[in-house]
Amino acid sequence: MAALDSLALFTGLGLSEHKARETLKNATLSTQLRDAATQAQQTLGSTIDKATGTLLYGLASRLRDTRRLSFLVSYIASKKIHTEPQLSAALEYVRSHPLDPIDTMDFEKECGVGVMVTPEQIEEAVEATINKHRAQILVERYRFNMGLLMGEARAALKWADGKMIKHEVDMQVLHLLGPKMEADLEKKPKVAKARVEETEQRTAKDVVENGENYKTPGYVITPHTMDLLRQHLEITGGQVRTRFPPEPNGILHIGHAKAINFNFGYAKANNGICFLRFDDTNPEKEEEKFFTAICDMVAWLGYTPYKVTYASDYFDQLYAWAVELIHRGQAYVCHQRGEELKGHNPLPSPWRDRPLEESLLLFEAMRKGKFSEGEATLRMKLVMEDGKMDPVAYRVKYTPHHRTGDKWCIYPTYDYTHCLCDSIEHITHSLCTKEFQARRSSYFWLCNALDVYCPVQWEYGRLNLHYAVVSKRKILQLVAAGAVRDWDDPRLFTLTALQRRGFPPEAINNFCARVGVTVAQTTMEPHLLEACVRDVLNDTAPRAMAVLESLRVVITNFPAAKPLDIQVPNFPADETKGFHQVPFAPIVFIERTDFKEEPEPGYKRLAWGQPVGLRHTGYVIELQNVIKDPSGCVESLEVTCRQADAGEKPKAFIHWVSQPLICEIRLYDRLFQHKNPEDPAEVPGGFLSDLNPASLQVVEAALVDCSVALAKPFDKFQFERLGYFSVDPDSRKGQLVFNRTVTLKEDPGKV
């Protein structure tokens, strides 16, 4: 019944029934909208006009600080706020003024309350705008961008009604040009767009030119900015400096490969240097194996850091700067608990204005271990882009650090540490993924608050893949559930997993280059990465022959008294790359699927009356006898052979092995069945319910020709007609294990 009442209430605001029902699915939004509508009805009565209803819906869906709901509803219900620009200004005002009480006079001034824009003012503003562009309008006529006229007129009359401006623009344009003619209805020719990558690269260069930091959007210039930049250029000599700053609490994944390529690649392209800096500020989650694995993966991708550094290298300086921040009135010790600080709209701290001397004493007490974990934090006095207020700079943690031991029981946060470490190392280009854009304000603010060199932060879109999860927490769940073996399970997209599966580092780098660097987040299909892998392995993986499901074949008229040595080219397309030798004996093994007693139309391999060639031998075999076990299953074949040039050319040549090695071969497929396993709309049961039962098939007794006998872990081969394979580290003497890296071509059966 309550839902029906709410549905009627929402449709009474002007929402369509569909939108009203969708709103009811969102508990937070529907509660806020219901409270807003109920309050407005106390002023307006039970009937609310659609314009007011639209504003109430906009308020309920965009307001983050629920304490301000009643205050803003009163302005809407009394028609003091009656346009969208006013509502936007009101929401921005309460976001940037979170403390009580609100200065109503200042609020009304900033939101245009009481400002009346007359039709005459609108007419004059539109006329002035049209006169400004009159010559171009007369040339382009109705193909001119009328949105430009709207925008400029609205900028001149901030609180004017948008519909009235549009009506006036339409009327004056009609008066100037007259009715539309046939030529006006033709589409405006499109101008060829620059390639996205080129545009982004130009933008990046324009924004982050070394020494011109002050030109960056959002960059705050202080009286010391230009002197600090001059000092920075004296130290670096104008050299480009980047850094790759991973947290050592997990294994790197394919998204990190893009970050590694961008940071190291940008520095290399500009004759600069790149640091590998570990953000080791959370000792609870950091392990030595992660530090080692990250260094190994950076080296594996072909990059050498100018220097390996750690955030912990600078703990003493960071602490001294925190004390200075308190002295400057820009930080304070707070006792709100962790749960009170969650979300983007926590209650303002009651300790925000405590005396400096008190915060200094309390911060020293934090350092000396006089507070328990969660009992006190040091917070910075600023509001970030996403509305988060006063981010934490230091918190108490009684966990020994892998490098500093028990020296510290307080540790700095990312928001505090990152920009200051960049400043210390004189980084010129702080390149980070788009989710850190909300930290840009704190990045610039903190450097300027301490009067230290402020680098430039530039964000780019992160790289994701379909059919994959890369979250550390979710990979741990997969390991715990037994869905994968560990972080390096070849079905994952961690870099250690891709290395184990046999992906060449050059292929990963080529893939990152093809994806390019754009502001938009990129989600790619795995087959595009696999195509890059094939491109590299086709030129680097020598050929061999292997049989997965074998069928024994006896050649009854074998042409020699002992096995023949067959020379097989390592790369058939380029025999200058050498040969390897394999034995050819009277007993060979072929794929069971390469023989059929009763073939379907179009089948070209071995069958009654249909001979086939054996690759590289120069011989053709023809079926003479089929031997079956008591159950009727084909056990072996008897064939005769002839030289390939002694008769009609066979329809097909098949691979084979003779006197082979017995090996284990692991065939990998996608770990998940759906493109977006983390999307509840696509996979309601969660990603663990979306596991592909056929993601791993193990062939325990595959047969491989003896040319691979001396192969070492990570050696790569193309098994003819089967795919590319890499030797797994599980291999031991006399028992090789191969992972299938990719098939020879994209599987058309995959979605």
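Residues numbered from 1 in each chain as written. Predicted model: local features only at pLDDT ≥ 70, side-chain atom pairs only at ≥ 80, totals over all residues. Heavy atoms only, no water.

Under the annotation held in an unreviewed UniProt entry, the chain carries the name Glutamine--tRNA ligase and is attributed to Urocitellus parryii.

Chemist: What should I look at first to understand the pairing of strand 22 (residues 661–668) in this one?
Modeler: For a regular strand, side-chain orientation follows a simple rule: the groups alternate between the two sheet faces. Of all eight residues in strand 22, six are buried, a share of seventy percent or more. Relative to strand 23 (residues 696–704), strand 22 is paired through seven bridges, and the arrangement is antiparallel. By the bridge assignment, Leu-667 is partnered in strand 23 with Gln-697. In this structure, strand 22 lies alongside strand 26 (residues 737–742), joined through three bridges in parallel fashion. If you follow Glu-664 over to strand 26, its bridge partner there is Val-737. (Buried < 20%, exposed > 50% of the residue type's maximum accessible area, 1.4 Å probe, protein only. Helix = DSSP H or I, 4+ residues; strand = E, 2+ residues; numbered from the N terminus. Pairing = 2+ DSSP bridges.)

Chemist: Before we go on, may I ask you to explain the nonpolar core in this structure?
Modeler: Nonpolar side chains in soluble globular proteins tend to be buried together. Ranked by internal contacts, the top residues of the largest apolar core, which has 47 residues, are Ile-254, Ile-260, Leu-495, Ile-508 and Phe-511. Residue assignment for this core shows that the elements contributing at least two residues are helix 14 (254–269), strand 2 (273–278), helix 15 (288–300), strand 9 (456–460), strand 10 (463–465), helix 22 (495–501), helix 23 (505–515) and helix 24 (526–540). Counting residues per element, this core draws most heavily on helix 14, at eight residues. Contacts of Ile-254, omitting those with residues within four sequence positions, involve Leu-463, Leu-465, Phe-493, Leu-495, Leu-498, Ile-508, Phe-511 and Leu-529. One finds Trp-321, Ala-322, Leu-325 and Leu-446 within the second-largest nonpolar core, a separate group that totals 44 residues. (Core = buried A, V, L, I, M, F, W, Y, C linked by side-chain atoms within 4.5 Å. Contact = heavy atoms within 4.5 Å.)

Chemist: Please explain the sheet that holds strand 21 (residues 653–654) as it appears in this structure.
Modeler: Note on sheets: strands pair through backbone hydrogen bonds, and any given pair is parallel or antiparallel. Strand order in the open sheet formed by six strands is 17-14-20-19-18-21, and the pairing between neighbours is mixed. The two strands at the open ends of the sheet, each matched to only one other strand, are strand 17 (587–591) and strand 21. Examined bridge by bridge, strand 14 (residues 550–555) and strand 17 share five bridges and lie antiparallel to one another. Looking across to strand 17, one finds that Ser-550 is bridged to Glu-591.

Chemist: Just to check I follow, could you spell out the UniProt feature "domain: Glutaminyl-tRNA synthetase class Ib non-specific RNA-binding" (unreviewed entry) in the chain for this structure?
Modeler: With numbering matched to this structure, UniProt assigns "domain: Glutaminyl-tRNA synthetase class Ib non-specific RNA-binding" (unreviewed entry) to residues 7–162 and 165–229. Within the segment residues 7–162, helix and strand shares are 68% and 0% respectively, and the terminal C-alpha atoms sit 29 Å apart. (UniProt positions renumbered as here; feature names shortened; annotations may be inferred.)

Chemist: Explain the pattern of salt bridges to me, please; I cannot follow it from the model alone.
Modeler: Opposite charge on two side chains lets them pair, provided their charged atoms get close. Inspection of every chain in the model, using the stated rule, returns 41 salt bridges. Between Arg-352 and Asp-390 there is a salt bridge, with the nearest N and O atoms lying 2.7 Å from each other. One end of the pair, Arg-352, is in the loop between helix 17 (338–341) and helix 18 (356–367); the other, Asp-390, is in the loop between strand 5 (377–380) and strand 6 (392–396), with 38 residues separating them in the sequence. For the residue pair Arg-352 and Asp-390, the accessibility class agrees, reading buried in each case. Taking the shortest distance from any N to any O, the salt bridge between Asp-535 and Arg-514 comes out at 2.9 Å. Remark: Arg-514 occurs in helix 23 and Asp-535 occurs in helix 24; sequence separation between them is 21 residues. Asp-535 sits in the partly exposed class, given a relative accessible area of 44%. What emerges from the salt-bridge pattern is a single network uniting Arg-485, Asp-488, Arg-500, Glu-664, Arg-666, Asp-728 and Asp-730. (Salt bridge = Lys/Arg side-chain N within 4 Å of Asp/Glu carboxyl O.)

Chemist: It is not clear to me how the packing of aromatic side chains should be interpreted in this structure. Could you clarify?
Modeler: By convention here, two paired aromatic rings are described through the distance between centres and the angle between planes. This structure, assessed with the given rule, holds 28 aromatic pairs. Centre to centre, the rings of Phe-264 and Tyr-303 are 5.2 Å apart; their planes meet at 25°, and the pair counts as stacked. Of the two residues, Phe-264 is situated in helix 14 and Tyr-303 in the loop between helix 15 and strand 3 (307–310); the sequence distance between them amounts to 39 residues. You'll find Phe-264 and Tyr-303 in the same group, each marked buried. Here Phe-717 and Phe-738 contribute two aromatic rings whose centre-to-centre distance is 6.3 Å and whose plane-to-plane angle is 70°, an arrangement assigned as edge-to-face. Taken as a pair, Phe-717 in strand 24 (residues 716–719) and Phe-738 in strand 26 lie far apart in primary sequence, 21 residues in all. The exposure classification of Phe-717 matches that of Phe-738, with both residues buried. What links up through ring pairs into an aromatic cluster is the set Phe-315, Tyr-319, Phe-363, Tyr-394, Trp-408, Tyr-411 and Tyr-416. Across the ring face of Phe-571, the terminal group of Lys-577 is positioned such that the distance to the ring centre comes to 4.6 Å. (Phe/Tyr/Trp six-rings, centres within 6.5 Å; stacked < 30°, edge-to-face > 60°. Lys NZ or Arg CZ within 6 Å of the ring centre and 35° of its normal.)

Chemist: Quick question: what am I supposed to make of a negative patch on the surface here?
Modeler: The grouping of Glu-120, Glu-123, Glu-124 and Glu-127 at the surface amounts to a negative patch. Along the chain, the position of Glu-124 falls in helix 8 (residues 119–132). By relative accessible area, which is 55% here, Glu-124 ends up exposed. (Patch = residues over 30% accessible without salt bridge, like charges linked within 9 Å, V, L, I, M, F, W, Y side chains within 5 Å. Areas by Shrake-Rupley, 256 points an atom, 1.4 Å probe, with all protein chains shown as cover. Lys, Arg positive; Asp, Glu negative; His and termini not counted. Charge placed at Lys NZ, Arg CZ, Asp CG, Glu CD.)

Chemist: Before we go on, may I ask you to explain the environment of Pro-490 in this structure?
Modeler: By the element assignment, Pro-490 lies in the loop between helix 21 (472–480) and helix 22. On the accessibility criterion, Pro-490 (4% relative accessible area) is buried. In this structure, the C-alpha to C-alpha distance between Pro-490 and Glu-600, residues 110 residues apart in sequence, is 36 Å. Apart from the residues within four sequence positions on either side, Pro-490 is in contact with Ala-497, Arg-500, Arg-501, Tyr-668 and Asn-739.

Chemist: Explain the sheet that holds strand 7 (residues 410–412) to me, please; I cannot follow it from the model alone.
Modeler: Reading across the sheet, the four strands line up as 4-5-6-7 and stay open at both edges, with antiparallel pairing between neighbours. Looking at strand neighbours, the two that pair on one side only are strand 4 (331–334) and strand 7, the edges of this open sheet. Sheet twist, expressed as the average angle between the axes of neighbouring strands with direction ignored, equals 20°. Here strand 4 runs beside strand 5; their pairing, made up of four bridges, is antiparallel. (Axes fitted to C-alpha atoms, helices over the stretch in contact; angles between N-to-C directions.)

Chemist: Quick question: what am I supposed to make of the side chain of Arg-666 here?
Modeler: Position of Arg-666 among the secondary structure elements: in strand 22. Among the polar contacts made by the side chain of Arg-666, one reaches the side chain of Asp-728 at a distance of 3.5 Å. At 3.0 Å, the side chain of Arg-666 and the side chain of Asp-730 are in polar contact. In contact with Arg-666, not counting residues within four places along its chain, are Arg-485, Arg-500, Leu-696, Gln-697, Val-698, Asp-728, Asp-730, Val-737, Phe-738, Asn-739 and Arg-740. (Polar contact = N/O pair within 3.5 Å; in protein donor to acceptor, adjacent residues only side chain to side chain.)

Chemist: Can you walk me through unusual backbone geometry in this structure?
Modeler: Cis geometry is adopted by the peptide bond preceding Pro-101, which originates at Asp-100 and carries an omega value of -5°. Secondary-structure assignment places Pro-101 in the loop between helix 6 (84–96) and helix 7 (104–110). Although it is not a glycine, Asn-271 adopts a positive phi angle of roughly 55°. With respect to the secondary-structure elements, Asn-271 resides in the loop between helix 14 and strand 2. Assessed through its relative accessible area of 71%, Asn-271 is described here as exposed. Look at Phe-714: it is not a glycine, yet its phi comes out positive at around 80°.

Chemist: How do you make sense of the packing of helix 23 against helix 24 when you look at a structure like this?
Modeler: Packing of helix 23 against helix 24 brings their axes to within 8 Å, and their N-to-C directions diverge by 130°. As summarised for this structure, helix 23 and helix 24 are arranged oblique, according to the angle between their axes. Remark: the crossing between helix 23 and helix 24 carries right-handed chirality. Two secondary-structure elements touch here, helix 23 through Glu-506, Ala-507, Ile-508, Asn-510, Phe-511 and Arg-514 and helix 24 through Leu-528, Leu-529, Cys-532, Val-533, Asp-535 and Val-536. (Parallel < 35°, antiparallel > 145°, perpendicular 65-115°, else oblique. Left-handed = near helix turned anticlockwise from the far one by under 90°.)

Chemist: Explain the environment of Leu-347 to me, please; I cannot follow it from the model alone.
Modeler: Tracing the sequence through the fold places Leu-347 in the loop between helix 17 and helix 18. What makes Leu-347 exposed here is its relative accessible area of 54%. Through-space distance from the C-alpha of Leu-347 to that of Leu-99 is 9.0 Å; in sequence the pair is 248 residues apart. Setting aside chain neighbours within four positions, we find Leu-347 in contact with Arg-67 and Gln-336.

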